[in-house]
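Architecture at a glance
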Amino acid sequence: MPTSTLTSKGQITLPKEIRDLLGLRAGDRIRFRAAADGTVVLEPETGCLLDLFGALSPPGGRHLTVEEMNEAIRHAASRRRTGR
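From a predicted model like this one, the values you see are computed outputs, not experimental measurements.

1. Comments concerning the layout of surface pockets
Approximately 170 Å³ is the volume found for the largest pocket. Lining the largest pocket, in full, are Met1, Pro2, Thr3, Ser4, Ile12, Leu14, Pro15, Ile18, Phe32, Val40 and Leu42. Residue classes in the lining of the largest pocket are distributed as 9 nonpolar, 2 polar and no charged.

See below:
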């Protein structure tokens, strides 16, 4: 089981084995999810095509304007940054 040491600044280096397992490269974002039992899950934060589901053809069949699409993209990006 790979381990890492926490620095005085609260930083860690992910062991290469874990970076390779998750397909992480320099600059990639990582999400930490705390479970009720105290364990923490580490996940690569990647975009998903399903995040855009419905953006081009919302219920009712009304087409979105470019401005509405841009707002939907900004909203999805904001959700991703805040983990919501």
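On we go from here.
2. Remarks on the pattern of salt bridges
When the charged atoms of two side chains lie near each other, side chains of opposite charge can form a pair. Inspection of every chain in the model, using the stated rule, returns 6 salt bridges. Among the ionic pairs, Arg74 bridges to Glu71, the shortest N-O distance being 3.2 Å. One end of the pair, Arg74, and the other, Glu71, are both in helix α2 (residues 66–82), 3 residues apart, so they sit about a helical turn from each other. Glu71 sits in the partly exposed class, given a relative accessible area of 43%. When salt bridges with common partners are traced through the structure, they connect Arg29, Arg31, Arg33, Glu43 and Glu45 into a single cluster.

Reading the values: rules and limits
- Residues numbered from 1 in each chain as written.
- Predicted model: local features only at pLDDT ≥ 70, side-chain atom pairs only at ≥ 80, totals over all residues.
- Heavy atoms only, no water.
- 1 Å grid on protein atoms, 1.4 Å probe; cavity = no way out; pocket = protein on both sides within 12 Å on 5 of 7 lines; lining within 4 Å.
- Points joined across faces, edges and corners; volume = space filled by probe spheres on them.
- Nonpolar A, V, L, I, M, F, W, Y, C, P; charged D, E, K, R; others polar.
- Salt bridge = Lys/Arg side-chain N within 4 Å of Asp/Glu carboxyl O.
- Helix = DSSP H or I, 4+ residues; strand = E, 2+ residues; numbered from the N terminus.
- Buried < 20%, exposed > 50% of the residue type's maximum accessible area, 1.4 Å probe, protein only.

Honestly, that's just the spatial picture; any functional story needs more than this.
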